[in-house]
Amino acid sequence: MTALQHVKLGTYYVVHLPRPDDFDFWREKARALVQCDVPPDRVAWVEPGGSGDLFAHGDTRLPTPPADAPQVRASKRFQQLAKNASLHSDPDRFALLYRLLWRLQTNPRIMEDKADSDVRKLEELDKNVRRDSHKMHAFVRFRQVEDEDGAEHYVAWFEPDHHIVRANAGFFRRRFANMKWSILTPRGTLHWDGNTMREGPPARREDAPSGDPVEELWRKYYASIFNPARLKVGAMLSEMPMKYWKNLPEASLIPELIAGAQTREAQMVDAGASKFTGEFEEKPDTLEAIDKAIHACRKCPIGTLENTAVMGEGPQDAALMIVGEQPGDQEDMAGRPFVGPAGQLLDQHLEKAGIRRSAAYVTNAVKHFKYVQRGKRRIHQSPGAKEIDTCRWWNEAERAIVQPKLVLAMGASAARGMLGKTVSISRARGEPIAMEDGSELWITAHPSYLLRLDGAAREEQARLFDADLAAVKERLDELAG
Ligand code: URA
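Anyway, here's the lowdown on the structure attached to this text. (Residues numbered from 1 in each chain as written. Predicted model: local features only at pLDDT ≥ 70, side-chain atom pairs only at ≥ 80, totals over all residues. Heavy atoms only, no water.)

1. A look at the sheet that holds strand β9 (residues 361–364)
Inclusion rule: Here the rule is simple: two strands pair whenever DSSP picks up at least two bridges between them. Secondary structure is summarised from DSSP: a helix means a run of H or I of at least four residues, a strand means a run of E of at least two, and numbering begins at the N terminus for each. Note on contacts: a residue pair is in contact if any heavy atoms of the two residues lie within 4.5 Å. Every axis corresponds to a line fitted to the C-alpha atoms, with the helix fit spanning only the stretch in contact, and the corresponding angles, defined between N-to-C directions, vary from 0 to 180 degrees.
Strand order in the open sheet made by the 5 strands is β9-β8-β12-β14-β13, with mixed pairing throughout. Edge positions in the sheet fall to β9 and β13 (433–434), since each of these pairs with one other strand and no more. Two strands pair when backbone bridges link them, and strand β12 (residues 406–410) and strand β14 (residues 440–444) are joined in this way by 5 bridges, in the parallel orientation. For methionine 410, the partnering residue across the bridge sits in β14 and is threonine 444. Contacts from helix α14 (residues 385–402) reach β8 (320–324), β9 and β12 within the one sheet, and its direction differs from that of β9 by about 170°.

2. Focus on the state of the cysteines
As a reminder of what qualifies: Here, two cysteine sulfur atoms that lie within 2.5 Å of each other are counted as a disulfide.
Evaluation of the coordinates by the stated rule reveals 0 disulfides. Between cysteine 300, a free cysteine, and cysteine 391, which holds the nearest cysteine sulfur, the sulfur-to-sulfur gap is 6.3 Å.

3. Points about the packing of aromatic side chains
Quick reminder of the rule: Paired rings are identified among Phe, Tyr and Trp, the last through its six-membered ring, by centres lying within 6.5 Å, and are further divided according to the angle between planes into stacked (under 30 degrees), edge-to-face (over 60) and tilted (the rest). For the exposure calls, accessible area comes from a 1.4 Å probe over protein chains only, and a residue counts as buried if that area is under 20% of its type's maximum, exposed if over 50%, partly exposed in between. Whether a charge sits over a ring depends on NZ of Lys or CZ of Arg being within 6 Å of the ring centre and within 35 degrees of the ring normal.
One pass over the full model with this rule turns up 8 aromatic pairs. Ring geometry for tryptophan 45 and tyrosine 98: centres 5.6 Å apart, planes at 55°, overall tilted. In this pair, tryptophan 45 sits in strand β2 (residues 43–46) while tyrosine 98 sits in helix α3 (residues 93–104), placing the two residues 53 residues apart along the sequence. Measuring from ring centre to ring centre gives 5.0 Å for phenylalanine 171 and phenylalanine 172, while their planes differ by 80°; the resulting arrangement is edge-to-face. We note that phenylalanine 171, like phenylalanine 172, is buried. When the ring centre of tyrosine 12 is taken as reference, the NZ or CZ atom of arginine 42 above it lies at 5.1 Å.

4. Focus: α3
Our working rule: What a helix should span is 1.5 Å times the count of its residues minus one.
In this model α3 runs 16 Å from its N-terminal to its C-terminal C-alpha over 12 residues, within 8% of the 16 Å that 1.5 Å per residue would give. All of the buried residues in α3 are Arg93, Phe94, Leu96, Leu97, Tyr98, Leu100, Leu101 and Leu104. In this structure, the buried side of α3 is in contact with α1 (23–35), β2, α2 (76–85) and α4 (117–139).

5. Quick notes on the pairing of β9
Neither face of β9 is exposed, since Tyr361 and Thr363 on one face and Val362 and Asn364 on the opposite face are all buried. Here β8 pairs with β9 via 4 bridges, running parallel. Residue pairing in the sheet places methionine 321 in a bridge with tyrosine 361 of β9.

So, in C-alpha cells, the structure goes:
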C-alpha cells in the first residue's frame, strides 16, 4: 500500500496541540503526516484556545504511516531552529514548521536558501524567541515574601512575549537552586521548592507582590555588578526596553550610574577589576552551604556574567579530589563539572588507569564559566590569577570538608588554585607536594590540552597523562592499604 492510500483523499486533518509549547507532540504528528504524504495545505495545527473554525469539519483522527514509509529527513539547521521557533506566539508557527519539513523531503538543502521566505520566517521566529529568553534571564526580579510557615519565598513577575516559560525553567532552577521561588507570568507559572519544579496556571500582575526590602538588595547588587567599562547607553536601552523598567528596582539607579561611569572606570583601571582582599564572611561548613554560597558569589567579575556556579560533585569522604580549571559551556548548562568533551576524555583515561570517577570528588579551581560572547557562541576564556585566587577560598572550604588524601590538580589554573602560585606543569608533574592539611597534591596536564593537540603530539601527551594517572592510582592504593 502506498503512503497516499493511507489518507482519505480530500480529507483535511486537524491536529490539536495539548500545549502551545509542545514541540515533541508537533514533531511526532508532523513526522507521521509527512510519512502519509499529507500536504501542508491539508493540515491545520490548532493550539489550546486557538481557532480551528476553518477546519471545523476536518478529521482529528490522523492516518497511520505504512510500515515501509521512508525516513523523515530534517536538516541539522532546521532541527536547531524549529524547537525554539515553536515557542513563538505566532499562531501560524506550527504550519510554517510543517511546510518546511514537508519541503525538506524533496529539497534537503532548503535551509541554505537565505532568500526563501519560509526559511527567513523561521529564522526570525527563532531570533525573537531567543531574545525573549535572554530578557527573561536578565529581567526577572524576585521579591521576598513569607510563606504561612514562615519560610522565605521569592516571587517574581515577568511578561514574556512568547511561550518560553517552561523552556527556561532549567535556567532558573540551576541559578537559584537553593531558594524557594515562583515565577508568575500571564502564560503560566513555575514554582521551585528546592527539590521539585511545579507548573501552575497563568497569573495576573496583582498576584505578585510589589516592592519590598529585596529591592534594596537588587539595587545594591546591580550597582556592584555595573561595569562602567562596558557602558554603551544605546545598546543598554535597546537591551532593557521601557516595558521592563517598571519591574526593575535598579532602573532608578541607571541615570546615576551612567553619570558616574567615567569616574568609576578610571577607578577600576587603577585598582584592577577585582578588589578582592582575601577576606569573605564566615566559611560555610557543609557542601550544601558552599553550593548555595557560590551561586551568590560576585567576588570576581566572572560571577557577574550570565552563567551558573558549578559545585563539585562526588562522595563527601572521597580519598581522591580531582580539580579542573573552571566549568565550560556544557558544564555551565548542566550545572555539573566535567560533562563536556574534556570530561569525556577524562573519563576514558580514568577508566584506563583503574580510577573510579564515581569514588572521587570532582571540582574546579574556579566555580563560574568565564567566556566572551561571539554571536551565539560563548567562547572559553582562561581565568586570570586574581580570579583563581579569589575562588581558592571556596576550594579550601571544600577540601576542609572532604579531606581527601590525594588531590589531583589538572592544568595550570588548578595547580594555582591549590598552591596560590603559578607552577610549570612539565616541571611539577609526577612529584607529589605535601600540603599543610596532610594531603598530597599531584599535578598533571588538563585533558582539554590533549584535545587541542593531534597526531604524535597528542599521543605523547596522552602517554604522559596516563602515566600520571597510573602513579596516582598506585599511590591511592598505598594510602588505602
Ligand atoms: N574543564 C574544566 O576544567 N572543568 C570542567 O568542569 C570542564 C571542563
